[in-house]
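Structural characterization, general
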Amino acid sequence: MNNRKHKLPTTIVGICLIGLIGFKDTGIFVREYLGTKEDGTKVVFSKEENVNIIRENDRVYIIEKENMNYEVPKDNIMKMTQNYIVVKDTNILDKPDGNSIGLLTTNQVVQAIKYEEDYGLFSTEKGIRGYIKLSDVETVDEENISYGISKVDKVLKNDKSFYTLIKGEMVAVKDFKSDIYTIIDEEGNEFKIGGRYIELRNTKEKVTRGNVSKRSAAVTKLIKTAHGELGKPYVAADTGKRGYDCSGFTYSMYLNVLGIKLNRSSSEQVKNGIEVKRDELIPGDLVFFRTTGKGIGHVGLYIGDNNMIHASSGRKQVTISSLDEAYYKARYVTGRRILNN
């Protein structure tokens, strides 16, 4: 979907604000929830069920279903409201590419409920719901971003970029569909991840792309650059002119990407940062190995999912290896965290 944003003339903004008065916020359940009616009867809200949000406080959303109101903890619902302006006269349809159920005029404001490829399900200020071609509408205000907490350490990829999830840190969540969250980075790039990896949380803080985890953004830049060096040759004592040795690779990544100067050799880099246990590693940490003798002889950059990027003398290039490969598993010594927050 192409969510285009344009600055609107003041007169149109005025029209939009008037049009929004009749709207209700919408939300989508991210998990099944059992609600209770006033008479004690139980009612089931299904995962991905769309509901109207009447009001909210710090803890709960008050939602409406079949003329009944229910209090639902905020971590069960993702707020989905997004307002659009109609840019040309168009029909509102009963289904994508279906039959017309009404005519919408230019500058009319509608509210998005969900998206299906080239169409969106929208609600008008009069409460009419139907499908509109996304090419016939444009966004009025900022995207509604929800607050989420990552439950895993994981590096995500799309066609253009990378995104680093760090367990326990905040992410900006844009959508939830087919048990998949769409999360966005500071530049608006979208990444998909399964629903079990993100937990919605209550917060008083307004979430924007600019206040998601700063450490995650830094690690993302680090890992994106490291991926770009895959295949570069292993060259002893080099920091990137012709290739890299193991510590030359980690030294250059931190210095060139984040401006952090590490010690040069692997035996000295193990003195940088703070020690972390193997089961507490997060992307961006350094991992160290005893390859010859008793001292540290190798270092790599941990990238999540039990993998590291490193300059391998055995493979003669910068490559990705698993920490569970027999060679590295037997020789693993410790991890060090350079980015603490």
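Residues numbered from 1 in each chain as written. Predicted model: local features only at pLDDT ≥ 70, side-chain atom pairs only at ≥ 80, totals over all residues. Heavy atoms only, no water.

Topic: the nonpolar core
For clarity, the threshold we go by: In this text, buried Ala, Val, Leu, Ile, Met, Phe, Trp, Tyr and Cys residues form a nonpolar core when linked through side-chain atoms within 4.5 Å. Under the scheme applied here, a residue whose accessible area is under 20% of the maximum for its type counts as buried, over 50% as exposed, and between as partly exposed, the area being computed with a 1.4 Å probe on protein chains only. Comment: elements are numbered from the N terminus, with helices defined as DSSP H or I runs of at least four residues and strands as E runs of at least two. The contact definition used throughout considers only heavy atoms, calling two residues in contact when any of these lie within 4.5 Å.
Ranked by size, the top nonpolar core spans 28 residues in total, and within it F249, Y254 and L286 carry the most contacts. Elements represented by at least two residues in this core include exactly α2 (214-228), α3 (246-258), β23 (286-289), β24 (298-304) and β25 (307-312). Excluding residues within four positions of it along the chain, L286 makes contact with T250, Y254, L262, Q269, V299, G300, L301, T334, G335, R336 and I338. Judged by nonpolar contacts, the second largest core, of 18 residues, contains M78, M80, V152 and F191.

A word on the environment of V51
Inspection of the secondary structure assignment puts V51 in strand β4 (residues 50-56). Spatially, the C-alpha atoms of V51 and M80 are 9.8 Å apart, while their sequence positions differ by 29 residues. For V51, the residues in contact, after removing those within four places along its chain, are D25, T26, G27, F29, F45, I63 and I77.

Overview of the confidence of the model for the protein chain
Caution is warranted with low-pLDDT regions, since their predicted coordinates should not be read in detail. Applied cut-off: Confidence of the predictor at the level of single residues is given by pLDDT, which spans 0 to 100.
Residues of the protein chain with pLDDT of at least 70 account for 88%, and the chain-wide mean is 86. For the stretch residues 1-22, pLDDT sits under 50, and the model shows 30 contacts to residues farther than four places along the chain or on other chains.

Points about the sheet that holds β23
To be explicit about the condition: Criterion used throughout: strands pair if DSSP finds at least two bridges between them. Structural elements are reduced to axes, namely lines fitted to C-alpha atoms, with helices fitted over the stretch in contact, and the angle between N-to-C directions of any two is expressed from 0 to 180 degrees.
Read across the open sheet, the 6 strands follow the order β22-β27-β23-β24-β25-β26; overall the sheet is antiparallel. Two strands in the sheet have a free side with no partner beyond their single neighbour: β22 (274-276) and β26 (317-322). Looking at each pair of strands side by side, their axes are set apart by 35° on average, direction ignored. Both β22 and strand β27 (residues 332-337) contribute to a ladder of 3 bridges, which runs antiparallel. Following the sheet pairing, V276 is matched in β27 by G335. Packing against the sheet, α2 makes contact with β24, β25, β26 and β27, and its axis sits at approximately 120° to β24. Running over the sheet, α3 touches β23, β24, β25 and β26 and is turned about 50° from β24.

Considerations on the pairing of strand β5 (residues 60-65)
On a regular strand, each side chain points to the face opposite its neighbour's, so the side chains alternate between the two faces of the sheet. For β5, a buried count of 5 out of 6 residues is recorded, marking the element as mostly surrounded by other parts of the structure. Strand direction decides the pairing type here: β4 and β5, joined by 4 bridges, are antiparallel. Its bridge partner being in β5, I53 is matched across the sheet by I63. Taking the residues between adjacent antiparallel strands as the criterion, β4 and β5 are bridged by 3 residues. Where β5 lies against strand β6 (residues 68-73), 6 bridges are found, and the strand directions are antiparallel. Its bridge partner being in β6, I63 is matched across the sheet by Y70.

Some words on α3
The line we're drawing: One less than the number of residues in a helix, times 1.5 Å, gives the span that helix is expected to have.
In this model, α3 (13 residues) spans 18 Å end to end at C-alpha, consistent with the 18 Å of a helix rising 1.5 Å per residue. Residues C246, S247, G248, F249, T250, Y251, S252, M253 and Y254 constitute the buried set of α3. Elements that come into contact with the buried residues of α3 comprise α2, α4 (266-269), β23, β24, β25 and β26. At the C-terminal side of α3, G259 shows a positive phi close to 70°.

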